[in-house]
Amino acid sequence: MFTTKSLRPSLKTVLKASTVAGLAAVMLTSGLPASISQSLAEPVKVEAPSVPSFANVVDAVSPAVVSVRVQSRVKPVSEDGNGFTFDFNGRGFDDLPDDHPLKRFFKEFGPRGDDRADRGPNRRGPHGEGRLRPTAQGSGFFISEDGYLVTNNHVVSDGSAFTVILNDGTELDAKLVGKDSRTDLAVLKVDDKRKFTYVGWADDSKVRVGDWVVAVGNPFGLGGTVTSGIVSARGRDIGSGPYDDYLQVDAAVNRGNSGGPTFNLSGEVVGINTAIFSPRGGGNVGIAFAIPSTVAKDVVADLIKDGSVSRGWLGVQIQPVTKDIAESLGLSEASGALVVEPQAGSPGEKAGIKKGDVVTALNGDTVKDPRDLARKVAAIRPGTTVDLALWRDGKAETVKLEIGTLPKDDKEAAKGQDDQSEEAQPSSEQALADLGVTVVPSDDGKGVTIASVDEDSDAGDRGLKQGEKIVSVNNQEVKSADDILKVINTAKKDGRSKALFQIEADNGSRFVALPIDKG
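Note that residues are indexed from 1 along each chain, following the sequence as it is written. Under the rules for a predicted model, residues below a pLDDT of 70 receive no local features and side-chain atom pairs below 80 are neither given nor counted, while totals for whole chains, interfaces and linings still include all residues. Each side-chain value is worked out from all heavy atoms of the structure, with water and hydrogens disregarded.

Chemist: Even after reading the chapter, I still don't get the nonpolar core, so can you show me in this structure?
Modeler: One broad rule of soluble globular proteins: the nonpolar side chains tend to lie buried together. Core analysis: the largest hydrophobic core is formed by 25 residues, its most contacted members being Phe141, Val150, Leu185, Val199, Phe263 and Ile272. At the level of elements, helix H2 (55–61), strand S6 (185–189), strand S7 (212–217), strand S11 (269–276), strand S12 (288–292) and helix H5 (293–306) are the ones that each hand at least two residues to this core. The way it works is that DSSP assigns letters per residue, a run of H or I at least four long becomes a helix, a run of E at least two long becomes a strand, and they are numbered from the N terminus. Here this core takes four residues from H5, the largest share from any one element. Residues within four places of Val150 in sequence aside, it is in contact with Ser139, Gly140, Phe141, Ile143, Leu185, Ala186, Trp201, Gly259, Ile272 and Val300. Take the buried Ala, Val, Leu, Ile, Met, Phe, Trp, Tyr and Cys residues and link them wherever side-chain atoms come within 4.5 Å; each set so joined is a nonpolar core. Throughout this description, buried means an accessible area under 20% of the type-specific maximum (1.4 Å probe, protein chains only), exposed means over 50%, and partly exposed covers the range between. Core analysis: the next-biggest nonpolar cluster, separate from the first, contains 23 residues, Leu432, Ile450, Phe501 and Ile516 among them. Two residues qualify as a contact provided that any one of their heavy atoms is within 4.5 Å of a heavy atom in the partner residue.

Right, dumping it as structure tokens:
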């Protein structure tokens with residue numbers, strides 16, 4: 001019997017052969033073993049997305065942005081030189097008896113004669129005015145190479161002396177050219193031989209919500225500070241005046257930023273920072289408001305030219321048109337401005353505008369609400385003749401009117417009424433009872449006086465109060481409950497579900513629409 005051996009090598013043989021081959025592979029020709037290098041992984045590196053940098057904008061505009069320091073004269077309380085402000089029925093310490101304990105105390109411990117050099121009359125302003133004291137600081141920016149700069153009115157309004165600090169720390173005196181409280185804008189002028197770096201205005205009508213913006217200013221007196229964000233909203237009304245039309249931005253804006261510019265990425269001014277929405281602590285919460293550049297540009301031009309701003313004036317008291325009021329007047333939509341009362345001698349009265357009219361358009365441009373009308377009228381040069389579209393007695397009319405000049409000391413012409421107490425008023429005995437009011441003839445024969453109001457009624461819900469007068473219903477004068485009932489019945493026949501009552505109170509007149517289709 002023959003035995004056949006397997007030709008396959010054993011595992012032990014394979015391992016030995018592998019070991020020898022491995023050692024041979026790492027031998028150099030010299031017979032020495034080669035060095036073995038450690039292999040390391042590459043560090044993590046991610047390609048950054050393309051994000052705009054604000055550095056180029058900041059480099060270009062920073063020299064044009066300044067800090068504004070304001071000083072005011074503090075009226076002296078004491079006319080003697082002792083520096084104390086106590087008042088003993090008009091007498092100073094020197095007038096007290098020599099043995100008076102307070103006189104002995106302050107003579108011993110009070111300021112010496114040579115300490116009073118800076119406290120006497122020689123440190124007061126002209127005509128005995130008080131000394132200059134720092135009272136405010138904010139921001140501003142140059143708009144011309146010859147030194148005109150813009151800031152907020154509320155920064156400089158009470159100032160007597162103004163100092164402008166450039167971004168390199170240079171301090172220069174400035175003078176007030178003009179200010180406008182209605183838009184919170186002011187212009188200062190620095191007289192200096194140098195040519196200043198200045199910035200231009202953007203067309204803010206092209207600014208879109210979501211666009212990048214950069215704010216530069218002087219928060220908390222720290223000096224030039226840059227923050228960035230986006231335009232959060234347009235056309236914001238924050239209740240500061242009849243011309244509110246702010247840009248809202250979320251760039252960090254704090255105290256001291258007032259009057260500073262907000263730029264687009266082209267380095268143009270799109271707005272002027274003027275207000276922030278803030279908790280009591282006064283910090284930034286990402287809600288800031290800027291005056292649009294198109295508004296500022298025109299106002300600033302007027303201030304530089306005349307030192308003041310001339311605005312158009314209509315001379316009527318107006319309020320919003322609510323859905324209820326629109327329905328009571330037969331209007332298809334709740335828009336326009338409802339005339340409460342034309343002011344005596346005003347352009348509106350001269351043109352024949354009546355209470356109860358609704359202004360729907362100005363020169364063919366639709367009027368959205370009272371604030372829109374105020375802005376439109378203010379932008380028209382006084383003396384200009386315009387076409388005013390009205391809704392009167394259920395039909396459209398157009399009147400021609402010459403725009404007047406807004407009196408400087410009077411309230412704004414087309415001022416929207418905040419007390420939009422919603423509609424309310426009477427009918428005849430039972431009809432008025434259904435509305436929730438009872439009336440009696442007025443002592444002066446003008447309208448009827450509200451004797452009582454049911455707090456759970458429509459009249460009560462809409463703010464009618466005892467003692468107020470109802471002077472007209474649907475623009476028709478009334479002197480009794482029967483007069484009111486006749487007007488209401490006519491409105492019902494015309495298919496209207498509400499009637500418009502004119503209410504007169506101590507603080508003025510207003511319109512209120514009440515439901516008349518009950519019962």
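There is more to say, and it comes next.
Chemist: Is there a simple way to explain the pattern of salt bridges in this structure?
Modeler: A pairing counts as a salt bridge when a side-chain nitrogen of Lys or Arg comes within 4 Å of a carboxyl oxygen of Asp or Glu. Inspection of the entire model under this criterion finds 18 salt bridges. We note a salt bridge from Glu397 to Arg392, for which the minimum N-O separation is 3.3 Å. A relative accessible area of 10% means that Arg392 is categorised as buried. Across the pair Glu504 and Lys446 runs a salt bridge whose closest N-O atoms are separated by 3.1 Å. Taken as a pair, Glu504 in strand S25 (residues 498–505) and Lys446 in the loop between strand S21 (437–441) and strand S22 (448–453) lie far apart in primary sequence, 58 residues in all. Residue Glu504 is classed as partly exposed on the basis of its relative accessible area of 23%.

Chemist: Looking at this structure, how should I read the packing of aromatic side chains?
Modeler: Each aromatic ring pair is specified by the distance between its two centres and by the angle formed by the two planes. Here a pair means two rings of Phe, Tyr or Trp (six-membered ring of Trp) with centres within 6.5 Å. Their orientation is stacked below 30 degrees between planes, edge-to-face above 60, and tilted elsewhere. For the structure shown, the criterion picks out four aromatic pairs. Relative to Phe196, the ring of Phe142 has its centre 4.4 Å away and its plane inclined at 15°; by these criteria the two rings are stacked. Taken together, the residues span a long stretch of sequence, with Phe142 in strand S2 (residues 131–142) and Phe196 in the loop between S6 and S7 at a distance of 54 residues. For Phe142, a relative accessible area of 0% gives the class buried. You can call Phe196 buried: its relative accessible area is 6%. Consider the ring centre and the ring normal. A charge sits over the ring if Lys NZ or Arg CZ is within 6 Å of that centre and within 35 degrees of that normal. Of note, Lys189 hangs over the ring of Tyr148, and the distance from its end group to the ring centre comes to 5.3 Å.

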